[in-house]
Amino acid sequence: MDKILVVEDDKTVYSGIKKLLELQHYSVVIAQNGMEALEKIDESFSLVIMDIMMPQLDGIETCRRMRERHSVPILFLSAKSEELDKLEGLEVGGDDYMTKPFSNMELISKVKALIRRYRVYDSGSVNRKNKDESIEADGLKLFTNRNKVEFNCDEIKLTGKEYEILKLLMKNPDRIYTIEMIYEMVWDEVFTYNAKNTVMVHIKNLRNKLIKACGDACVHTEWGRGYRFER
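A quick note: this is a predicted structure, and the numbers were derived from the prediction, not measured.

Draft legend 1. Just the packing of aromatic side chains, in detail. Tallied over the full model, the rule gives 2 aromatic pairs. Aromatic side chains Tyr183 and Trp187 sit 5.1 Å apart centroid to centroid with 15° between the ring planes, which places their arrangement in the stacked category. The pair Tyr183 / Trp187 is uniform in exposure class, with both members buried. When the ring of Tyr183 is compared with that of Phe191, the centres are 6.0 Å apart and the planes differ by 75°; the resulting orientation is edge-to-face.

Draft legend 2. Looking closely at the sheet that holds strand E3 (residues 47-51). The parallel open sheet is built from 5 strands, whose spatial order is E2-E1-E3-E4-E5. A single partner strand is all that each edge strand has here, and the edge strands are strand E2 (27-31) and strand E5 (96-99). Neighbouring strand axes in the sheet, compared pairwise and without regard to direction, differ in orientation by 20° on average. For strand E1 (residues 3-7) and E2, the ladder comprises 5 bridges, and the chain directions are parallel. Across the sheet, the residue bridging to Val6 is Ile30, located in E2. Helix-sheet contacts for helix H1 (residues 11-23) involve E1, E2, E3 and strand E4 (74-78), and the interaxial angle to E2 is about 165°.

Draft legend 3. Region of interest: the confidence of the model for the protein. Looking at the protein as a whole, its pLDDT mean stands at 88, while 92% of the residues score no less than 70. Here helix H4 (residues 83-91) stands out as the element of the protein with the lowest mean pLDDT, 79, in contrast to E2, whose mean of 98 is the highest. Within the model, the stretch residues 123-129 combines pLDDT values under 50 with 5 contacts to residues more than four positions away or in other chains.

Draft legend 4. Region of the structure containing the packing of helix H6 (residues 160-171) against helix H7 (residues 179-186). Two numbers describe how H6 lies on H7: the axes approach to 10 Å, and their chain directions differ by 120°. Classified by the interaxial angle, the pair formed by H6 and H7 is oblique. The handedness of the crossing between H6 and H7 is right-handed. On the side of H6, the interface is formed by Lys161, Glu164, Ile165 and Leu168, while H7 contributes Ile182, Met185 and Val186. Class assignment of the residues belonging to the contact of H6 with H7 gives a composition of 5 nonpolar, no polar and 2 charged.

Draft legend 5. Summary view of the sheet that holds strand E8 (residues 148-151). The sheet built from 4 strands is open, its strands ordered E6-E7-E8-E9 with antiparallel pairing. Because the sheet does not close on itself, it has two edges, and the strands there are strand E6 (134-137) and strand E9 (154-156). Between one strand axis and the next, the sheet turns by 25° as a mean value, whatever way the strands run. In terms of strand pairing, strand E7 (residues 140-143) meets E8 through 4 bridges, oriented antiparallel. Counted as the bridge partner of Leu140 is Phe151 from E8. Its contacts with the sheet put H6 on E6, E7 and E8, and the angle it makes with E7 is roughly 110°.

Draft legend 6. Inspection of unusual backbone geometry at higher detail. Of the consecutive residues Lys100 and Pro101, the connecting peptide bond is found in the cis state with omega at -5°. Topologically, Pro101 is positioned in the loop between E5 and helix H5 (104-122). Phi at Asp138 takes a positive value of approximately 50°, unusual for a residue other than glycine. Examined against the element boundaries, Asp138 turns out to sit in the loop between E6 and E7. Asp138 gets classed as exposed once you look at its relative accessible area, which sits at 64%. For Asn152, which is not glycine, the phi torsion reads 50° and is therefore positive. Locating Asn152 in the fold gives a position in the loop between E8 and E9.

Draft legend 7. Representation of the packing of H6 against helix H8 (residues 195-214). At a minimum axis separation of 9 Å, H6 and H8 run at an interaxial angle of 80°. In terms of orientation, H6 and H8 fall into the roughly perpendicular class. Where H6 abuts H8, its residues Lys161, Glu162, Ile165 and Leu166 lie against His202, Ile203, Asn205, Leu206, Lys209 and Leu210. Each residue belonging to the contact of H6 with H8 can be placed in one class, and the counts come to 5 nonpolar, 2 polar and 3 charged.

Criteria and thresholds
Residues numbered from 1 in each chain as written. Predicted model: local features only at pLDDT ≥ 70, side-chain atom pairs only at ≥ 80, totals over all residues. Heavy atoms only, no water. Phe/Tyr/Trp six-rings, centres within 6.5 Å; stacked < 30°, edge-to-face > 60°. Buried < 20%, exposed > 50% of the residue type's maximum accessible area, 1.4 Å probe, protein only. Pairing = 2+ DSSP bridges. Helix = DSSP H or I, 4+ residues; strand = E, 2+ residues; numbered from the N terminus. Axes fitted to C-alpha atoms, helices over the stretch in contact; angles between N-to-C directions. Contact = heavy atoms within 4.5 Å. pLDDT = per-residue confidence, 0-100. Parallel < 35°, antiparallel > 145°, perpendicular 65-115°, else oblique. Left-handed = near helix turned anticlockwise from the far one by under 90°. Nonpolar A, V, L, I, M, F, W, Y, C, P; charged D, E, K, R; others polar.

Written out as structure tokens, the structure reads:
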């Protein structure tokens, strides 16, 4: 049974989410603020659903601290509709976001998609003999059956979505992928206009990490067309 950490200070909201997820046979743990979430998070969780606006420690800082040790996908919830709040959440390592109020169907759809991806790359259930299959380019090595990337044997810490984007681009070097293609293939959802910034922020974060580790972004922008991986 997949285990989900819900980080939310509003009892009405977290009670509703908990009931909905348990009806879908998920195990749910509640944390009412960021500090409590950091105490409870461990490798047993398959997903974190976290409000941005919370007392003591907000969702942005909580996510930043979680990302220092954990790669579990994080779905942000926000009562704010301003794009800057959503983008800040993605920049610190969030995988996706939803604006309150949201429909039960939309929440369950995102939960299933995020967990499905996480289980494929991070669950540890991959057959041992296939774990070392990889794609390599000039010292950059991406293990195709688990969320791990190295440069000259030093690991580069990527979020699940950053890993999936890099894997997609490395599989077909020099092929140009549009933002729409990347979103639908990585997020496994139909592209909408609001998803454009989501993709762009994840690629920005990925490029920054690659530059820091490799000295080269590797992922190049083709203006007006999309992105490609250059060996």
